[in-house]
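The chain contents come next:
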Amino acid sequence: MKIVKKLIYPTKIFAISVIFLLFLAILPYFHAEMYDFRPNSTFSGTSWFNPYLAKDSILLKANFHSHTFAWGKLTNGHHTPEEVHSQFKHLGYDIPTISNYHQIDTTGKHDTSSIYIPTYEHGYNVKKRHHQPLGASSIVWLDFVFLQTLHHKQYMLNHIAPTCSVLTINHPSFSNGFDASDFSQLKNYDLMEVLNHYRTSFPHWDSALSAGISAMIVSNDDTKHLDAKGQCGAYWTMIYAKDRSPSSVYSSLKKGNAYGVRGIDAKNGNKLEAVSINNDSLSVSMKTSVDSIRFIHQHGIVKEVFSNTNHATIPLLKNDTYIRTEVYVDSVTTYFLNPVFRYSNNPFTTKIQLPTINTVNTFLYRALIAAIELALLGVIAVLFQSMRKKKVEKVTVE
Ligand SMILES: [Zn+2]
């Protein structure tokens, strides 16, 4: 029997294609910078920042994260934008936001009965490190698809922040995209999506707060399917805003004048009456009695729990740098409040002290990326050359 085996182009063409795709995926890594991260600090000072001081506010219900049909139905979203918009309005949301991947949806733009927030979900990397710019003026396409060190994560935040009014890091624990310890260093973002129907990220939040970084909470459904259990009206954010303008919403979110809620059908089931600080004591009052009010301080440690009450007060001790409150209204509904924290001059100082660029390390890093890219181009050139020489080689095996 005579077998004729042709060593033809496909294998090498496939290899060249894979290497070229790798070359393209690595290209964005040229952009990254290497930083000198500051040593960890904590909230300090004799004054206490209370995000709930504003009293002349209206209370708005918001979901900033939902997906619809998009990109030819290639992405995960099972309804039209109109269906998602109207379902959230039906549940009483003032801010029913659609956040498709790298696409700013305009469905609610001309609906005067709801508040329109231009936004999209950023990120197509393998570890699902996603960001959400609220009040987005343009779409950022840059991403680091594979490996991301702390430097890449910080660069991404620095790169997206100028293109929006409020920058959120979405579901940080999802797919282990971020380590909780990352948040003792990362800066230049405003909100952390601590609550999301896929994952909650309390260790990540407490890591930031324990390092004196005033990340504020946002709670979102991340809806893909309106009919799936726990994907619509399960996680939402209540915002105290001066009026119904987007700028007022952005300002309140950044100052922490908002809280996250976990529940069913977006029903609050109670009302936060007041959060006050007097004579070095923190007090939280609800309209009616709740199952429990829990106070949590550094590293997520529960400091004290009060049961079957509508009011709780604890002293603010010398070693307390921040305290956040969780209100377990009943067996299904929980409120997650933003922290009160210590400060001296500006409560948001630690947030604006960004890591500085290390120019030497950045140069060396970019040189390394250049070397890798040149090596890949070299391999492609060698493969092309060998194809040209051999063209089609027939091997006859008897
Ligand atoms: Zn996401």
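Residues numbered from 1 in each chain as written. Predicted model: local features only at pLDDT ≥ 70, side-chain atom pairs only at ≥ 80, totals over all residues.

Caption draft 1: Quick peek at the domain arrangement of the chain. By domain assignment, the chain separates into domain 1 (3-38 + 359-397) and domain 2 (56-265). One C-alpha centre belongs to domain 1, the other to domain 2, and the line joining them spans 37 Å. Looking at the side of domain 1 that touches domain 2, its residues break down into seven nonpolar, one polar and one charged. (Domains from an automatic or database assignment. Nonpolar A, V, L, I, M, F, W, Y, C, P; charged D, E, K, R; others polar.)

Caption draft 2: Looking closely at the environment of Ile115. Position of Ile115 among the secondary structure elements: in the loop between β5 (95-96) and β6 (131-134). For Ile115, a count of 22 C-beta atoms within 10 Å translates into the label buried. Spatially, the C-alpha atoms of Ile115 and Val249 are 9.2 Å apart, while their sequence positions differ by 134 residues. In this structure Ile115 touches Asp94, Ile95, Arg244, Pro246 and Val249, once residues within four positions along its chain are discounted. (Helix = DSSP H or I, 4+ residues; strand = E, 2+ residues; numbered from the N terminus. Buried ≥ 20, exposed ≤ 12 C-beta atoms within 10 Å, placed from the backbone. Contact = placed C-beta atoms within 7 Å.)

Caption draft 3: Just unusual backbone geometry, in detail. Phi is positive for Trp71, which is not a glycine, with a value near 50 degrees. With 11 C-beta atoms counted inside 10 Å, the residue Trp71 sits in the exposed group.

Caption draft 4: Highlighting helix α4 (residues 202-210). For α4, the tally of buried residues reaches seven of nine residues, placing the bulk of the element in the interior. Taken together, the buried positions of α4 are His204, Trp205, Asp206, Ser207, Ala208, Leu209 and Ser210. Buried-residue contacts for α4 involve β8 (191-196), β9 (216-220) and β15 (322-328). Just downstream of α4 lies Gly212, where phi reads positive at about 75 degrees.

Caption draft 5: Representation of the sheet that holds strand β7 (residues 166-169) in the model. Pairing within the open sheet is mixed, and its four strands lie in the order β6-β7-β8-β9. Pairing within the sheet leaves two strands with one partner each, and these edge strands are β6 and β9. Across the sheet, the mean angle separating the axes of adjacent strands is 35 degrees when strand polarity is ignored. Looking at chain direction, β6 and β7 are connected through four bridges and run antiparallel. Paired with His131 across the two strands is Ile169, which belongs to β7. The strands that α4 touches are β8 and β9; relative to β8, the one it contacts most, it runs at about 155 degrees. (Pairing = 2+ DSSP bridges. Axes fitted to C-alpha atoms, helices over the stretch in contact; angles between N-to-C directions.)

Caption draft 6: Representation of the environment of Ile13 within the structure. Turning to its location among the elements, Ile13 is positioned in helix α1 (residues 10-26). The exposure class of Ile13 is partly exposed, given the 13 C-beta atoms found within 10 Å.

Caption draft 7: Quick look at the pairing of strand β13 (residues 281-297). Judged from the six bridges that link them, strand β12 (residues 272-278) and β13 form a sheet pairing that is antiparallel. Bridged to Asn278 within β13 is Ser281. Pairing of β13 with strand β14 (residues 301-315) involves 12 bridges; the strand directions are antiparallel. Residue pairing for β14: Leu282 is matched across the bridge by Ile314. Here β13 folds back onto β14 in antiparallel fashion, the turn holding three residues, of which His299 has a positive phi close to 60 degrees. Direction of pairing for β13 relative to β15: antiparallel, over a ladder of five bridges. Along β15, the bridge assignment pairs Ser292 with Tyr328.

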